[in-house]
Amino acid sequence: MSQSYNRGTVEDFGRWREFSAGMWAWIFHKFTGWVLVGYLFTHIAVLSTSLGGDDLYTGTLQGLEALLVVRFLEVGLLAVAVFHILNGIRLLMVDLGVGLESQDVSFYASLVLTGAIVVASIPTFLGGPLA
Ligand code: HEM
């Protein structure tokens, strides 16, 4: 016999302490997906400076990389992209019926792996321009 229970308002973020791992995975995946879409437009804007010639493009990139805040943002972008990819692969596996019993564990594994990759990237990103 089926049972019903009061789930409350799903969108009620005031209840965030009660969110399950699956809810956090859903929120993080949506957030990272839309941040990546936002970045895509920024990326196209920066790349389009190459239309003004090699010097303008190189100058734009060197100017951006010289800013510490940009290098911090790059670490954030890596975190967002790596989590979205790892969690996205996890979701695709779930869609295929793989690992249905260990979805919490695989979500935590995505977070830990993302954290490890991001931490490993910090010396490269924050170390300043290579050349
Ligand atoms: C290897 C790379 C990627 C993988 C494996 C991946 C995987 C996925 C999967 C499986 C979903 C559906 C989640 C669901 O079932 O609700 C999704 C949603 C989405 N992805 Fe990706 N994705 C990747 C790259 C990207 C990139 C590069 C962008 C942006 C430029 C992006 C933007 C989005 C957005 C906006 C959504 C919808 C989020 C929502 O529910 O509102 N993804 N991704």
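Given the structure is predicted, the values throughout are model-derived calculations rather than measurements.

K.L.:
Lay out the overall build of the protein in plain terms, naming residues and giving numbers.
P.N.:
Helix and strand counts for the protein come out as 4 helices and 0 strands. Overall, the protein shows an N-to-C arrangement of helices and strands of α-α-α-α. Reported as C-alpha extents along the three principal axes, the dimensions of the protein are approximately 70 × 30 × 30 Å. Burial status across the protein gives 8% buried among its 131 residues. Taking all contacts inside the protein whose residues are at least 6 apart in sequence as the whole, residues at least 24 apart take part in 70%.

K.L.:
Can you lay out the site of the ligand for me, pointing to particular residues and giving the numbers?
P.N.:
Around the ligand, the structure places 13 residues, and the nearest of them are Gly33, Leu36, Ile85, Gly88 and Leu91. Secondary structure elements with two or more residues in the shell around the ligand: helix H1 (21-47) and helix H3 (68-95). For the shell around the ligand, the per-class residue count stands at 8 nonpolar, 4 polar and 1 charged.

K.L.:
Tell me about H3, and please be specific about residues and values.
P.N.:
The terminal C-alpha atoms of H3, which comprises 28 residues, lie 40 Å apart, in line with the 40 Å expected from a rise of 1.5 Å per residue. Those residues of H3 that fall on the buried side of the exposure criterion are Val80, Phe83, His84 and Asn87. Buried residues in H3 make contact with H1 and helix H4 (103-126). Gly97 sits one or two residues past H3 and shows a positive phi near 85°.

K.L.:
Go over the packing of H3 against H4 with me, naming the residues and quoting the values.
P.N.:
Where H3 contacts H4, the two axes come as close as 9 Å, and the packing angle between them is 155°. With respect to their mutual orientation, H3 and H4 come out roughly antiparallel. Handedness of the crossing formed by H3 with H4: right-handed. Within the contact between the two elements, H3 uses Arg71, Glu74, Val75, Leu78, Ala79, Val82, Phe83, Leu86, Asn87, Arg90 and Val94 and H4 uses Gln103, Ser106, Phe107, Ser110, Leu113, Thr114, Ile117, Val118, Ser121, Ile122, Phe125 and Leu126.

K.L.:
So, the environment of Phe72: which residues are in play, and what are the values?
P.N.:
With respect to the helices and strands, the residue Phe72 is situated in helix H3. Along the primary structure Phe72 and Ile117 are separated by 45 residues, whereas in three dimensions their C-alpha atoms are 15 Å apart.

Cut-offs and rules
- Residues numbered from 1 in each chain as written.
- Predicted model: local features only at pLDDT ≥ 70, side-chain atom pairs only at ≥ 80, totals over all residues.
- Helix = DSSP H or I, 4+ residues; strand = E, 2+ residues; numbered from the N terminus.
- Buried ≥ 20, exposed ≤ 12 C-beta atoms within 10 Å, placed from the backbone.
- Contact = placed C-beta atoms within 7 Å.
- Near = placed C-beta within 6 Å.
- Nonpolar A, V, L, I, M, F, W, Y, C, P; charged D, E, K, R; others polar.
- Expected span 1.5 Å × (residues − 1).
- Axes fitted to C-alpha atoms, helices over the stretch in contact; angles between N-to-C directions.
- Parallel < 35°, antiparallel > 145°, perpendicular 65-115°, else oblique.
- Left-handed = near helix turned anticlockwise from the far one by under 90°.

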